[in-house]
Amino acid sequence: MPLQAQAPANTSGPLAGLRVIEFAGIGPGPFAGMMLADMGADVIVVERAADAAKAAAYPRSAMSRGKRSIAVDLKSEAGRDIVWRLLASADALIEGFRPGVMERLGFGPEQVAARNHRLVYGRITGWGQDGPLAQAAGHDINYVALSGALSTSCRPGERPSIAPTLVGDMGGGAMFLCFGLMCAIFEAQRSGRGQVVDAAMVDGISAMSGLIHQMRHIGYWQDQAEHNFFLNSAPFYEVFECADGGQISLGAIEPQFYAELLQRLGLDADPKRQYDTREWPAMKARVAAQIKTRTRADWCARLEGSDVCFAPVLSLAEAPEHPHNAARGVFVDIKVDGKPQRQPAPAPRLSRTPARRPTPGARCGEHTDELLIALGLDSADIKSLRDQGACA
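Residues numbered from 1 in each chain as written. Predicted model: local features only at pLDDT ≥ 70, side-chain atom pairs only at ≥ 80, totals over all residues. Heavy atoms only, no water.

A. Representation of the overall build of the protein chain within the structure. Counting its regular elements, the protein chain contains 15 helices and 11 strands. The C-alpha extent of the protein chain, read off along each of the three principal axes, is 80 × 50 × 40 Å. Looking at the 392 residues of the protein chain, the share that counts as buried comes to 45%. Counting only contacts in the protein chain whose residues sit at least 6 apart along the sequence, the fraction spanning at least 24 positions is 67%. Carbon and sulfur atoms make up 55% of the accessible area of the protein chain, which totals about 20,100 Å². Computed over 41 positive and 43 negative side-chain charges, the separation of the two mean positions in the protein chain equals 2 Å. (Helix = DSSP H or I, 4+ residues; strand = E, 2+ residues; numbered from the N terminus. Buried < 20%, exposed > 50% of the residue type's maximum accessible area, 1.4 Å probe, protein only. Contact = heavy atoms within 4.5 Å. Areas by Shrake-Rupley, 256 points an atom, 1.4 Å probe, with all protein chains shown as cover. Lys, Arg positive; Asp, Glu negative; His and termini not counted. Charge placed at Lys NZ, Arg CZ, Asp CG, Glu CD.)

B. Geometry of the nonpolar core. Residues V20, L36, A41, I94, V120, L177 and L181 are the most contacted members of the largest nonpolar core, which totals 33 residues. Ranked by residues supplied to this core, first place goes to helix 7 (residues 165–191) with eight residues. In this structure, V20 is in contact with L36, A41, D42, V43, I44, A92 and I94, ignoring residues within four places of it in sequence. (Core = buried A, V, L, I, M, F, W, Y, C linked by side-chain atoms within 4.5 Å.)

C. Main features of the sheet that holds strand 2 (residues 42–48). One open sheet accounts for six strands, arranged 3-2-1-4-5-6; its pairing is parallel. The sheet is open, and its two borders are formed by strand 3 (68–72) and strand 6 (196–200), each paired with just one other strand. Recorded for the sheet is a direction-independent mean angle of 20° between the axes of neighbouring strands. Where strand 2 meets strand 3, five bridges bridge the pair, whose relative direction is parallel. Looking at the pairing, R48 lines up with V72 of strand 3. Across the sheet, helix 7 is in contact with strand 4 (92–95), strand 5 (120–125) and strand 6; its angle to strand 5 comes to roughly 165°. Seen against the sheet, helix 8 (residues 201–208) touches strand 5 and strand 6 and runs at an angle of roughly 70° to strand 6. (Pairing = 2+ DSSP bridges. Axes fitted to C-alpha atoms, helices over the stretch in contact; angles between N-to-C directions.)

D. Quick peek at the side chain of R123. Among the secondary structure elements, R123 is positioned in strand 5. With relative accessibility at 4%, the residue R123 sits in the buried group. Here Q129 takes part through its side chain, which lies 3.4 Å from a polar atom of the side chain of R123. When near neighbours in sequence (up to four residues on either side) are disregarded, R123 contacts E95, G100, M102, E103, P109, Q129, L177, V196, V197, D198 and A199. (Polar contact = N/O pair within 3.5 Å; in protein donor to acceptor, adjacent residues only side chain to side chain.)

E. Representation of the layout of surface pockets in the model. Computed from the structure, the largest pocket encloses a volume of approximately 630 Å³. Taken together, 31 residues line the largest pocket, and the ones lying closest to its centre are D38, R65, A345, P346 and A347. Elements represented by at least two residues in the lining of the largest pocket include exactly helix 1 (28–38), helix 7 and strand 11 (339–344). (1 Å grid on protein atoms, 1.4 Å probe; cavity = no way out; pocket = protein on both sides within 12 Å on 5 of 7 lines; lining within 4 Å. Points joined across faces, edges and corners; volume = space filled by probe spheres on them.)

F. Highlighting the environment of G192. Inspection of the secondary structure puts G192 in the loop between helix 7 and strand 6. Between the C-alpha atom of G192 and that of L119, which follows or precedes it by 73 residues, the distance is 9.0 Å. Setting aside chain neighbours within four positions, we find G192 in contact with H117 and R118.

G. Region of interest: the pattern of salt bridges. Tallying each qualifying case throughout the model produces 26 salt bridges. Among the ionic pairs, R48 bridges to D51, the shortest N-O distance being 3.1 Å. For R48, a relative accessible area of 52% puts it in the exposed group. Across the salt bridge formed by D223 and R216, the nearest N and O atoms sit 2.7 Å from each other. For D223, a relative accessible area of 44% puts it in the partly exposed group. Since its relative accessible area comes to 47%, R216 is described here as partly exposed. Here the salt bridges do not stand alone but share partners, grouping R19, D42, R68 and E370 into one network. (Salt bridge = Lys/Arg side-chain N within 4 Å of Asp/Glu carboxyl O.)

H. Just helix 10 (residues 255–265), in detail. Taken together, the buried positions of helix 10 are occupied by F257, Y258, L261, L262 and L265. End-on view of helix 10: buried residues confined to an arc of 140°, all on one side of the axis. Within helix 10, the exposed residues directed more than 90 degrees away from the buried face are P255 and Q263. Turning to helix 10, the residues buried within the fold contact strand 8 (247–251), helix 11 (280–291) and helix 12 (296–303). Positive backbone phi, at 75°, marks G266, one or two positions downstream of helix 10. (Arc of directions from axis to C-beta.)

I. How the structure looks around the sheet that holds strand 7 (residues 237–241). Strand order in this open sheet of three strands is 7-8-9, and the pairing throughout is antiparallel. Where the open sheet ends on each side, the last strands, each with one partner, are strand 7 and strand 9 (310–312). For this sheet the average axis-to-axis angle between neighbouring strands, irrespective of direction, equals 20°.

J. Highlighting the packing of helix 1 against helix 7. Where helix 1 contacts helix 7, the axes come no closer than 9 Å and their chain directions differ by 50°. The angle between the axes of helix 1 and helix 7 places the two elements in the oblique class. In this structure, the crossing between helix 1 and helix 7 has a hand that is right-handed. Between helix 1, through P28, F31, A32, M35 and L36, and helix 7, the contact on the second element is made entirely by D169, M170, G173, A174, M175, L177, C178, L181 and M182. Partitioning the contact of helix 1 with helix 7 into residue classes produces 12 nonpolar, one polar and one charged. (Parallel < 35°, antiparallel > 145°, perpendicular 65-115°, else oblique. Left-handed = near helix turned anticlockwise from the far one by under 90°. Nonpolar A, V, L, I, M, F, W, Y, C, P; charged D, E, K, R; others polar.)

Everything listed is a geometric property; what it means functionally is a separate question.
What follows is the structure in structure tokens.
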């Protein structure tokens, strides 16, 4: 029998009632599942039975928060039958293996659709399900590079800076997977038919760079870093070091904001010459020297909240303590195995059906018994499956 309709008792949020089966992986797949779980979806992670025994030795993963975990052996017939029962009541599936792996496991899109034609099949990879590179190994840096986006992160005469994995894995990958899943689930409610969501990081990163391509087409974006204020060349769009070694960011792109910046910095310069790139090196040196005369706290007192487009560069430890982030509850504290742990709060915010408060991430196999009972098995059945090695 399929999994009964019950979900965790603390389920709330706009996606309550949605069931997602996530095949355990790393990076963007689990993050996409976390986002769905934050919003109330019943996300069940299918993990390897062999990993359950050592699960307690590892910290709980924040990306498993709000999820349930079942540990099964996909190589056993009994273990595979458990997964098929889970999929029978699912609205969506998430997997992040190389193309062809799920098909070899017996859970490819066509195989799943034959049993649950309404299910939306979410696939997340770096290169996509087809194309010359589909079977090649890769990581975030490679996908960002191939999209062209990595070339936009540089200083004049220097190599591009490596973008954090937030850009490829989470932005170009997980976010687009979630968007695709929601689109396909919405359509399935009308058509009664699921479909495959091919979320490739190189696709998503390229889509995110659409504005840059448009600006380049009209000549507003210059590939030469020394003429592009986005590329660390301008005196008004840069990170500067303060007297105490702290750093601040300035982004006064608009003329009125730049004029206010000059006034608040106490610099005598013609704001109308803001975009004369020949003057940028000398003007940038003047701004840098002025910023260096005061501490970061001093500049926060002078510039924060004004229209100069300012923010201090905070460390990961400092960010939760900033008054703005604290006031909005951007970070939350939860107890994980009895110890407090700070995590980012769910986003975005919904006024009527808010996300549920994060809970500690599920350990591998933590909910195996609970889910097997919901599938209609009794204690004797569960013991038999364990004896067979079908689950842990």
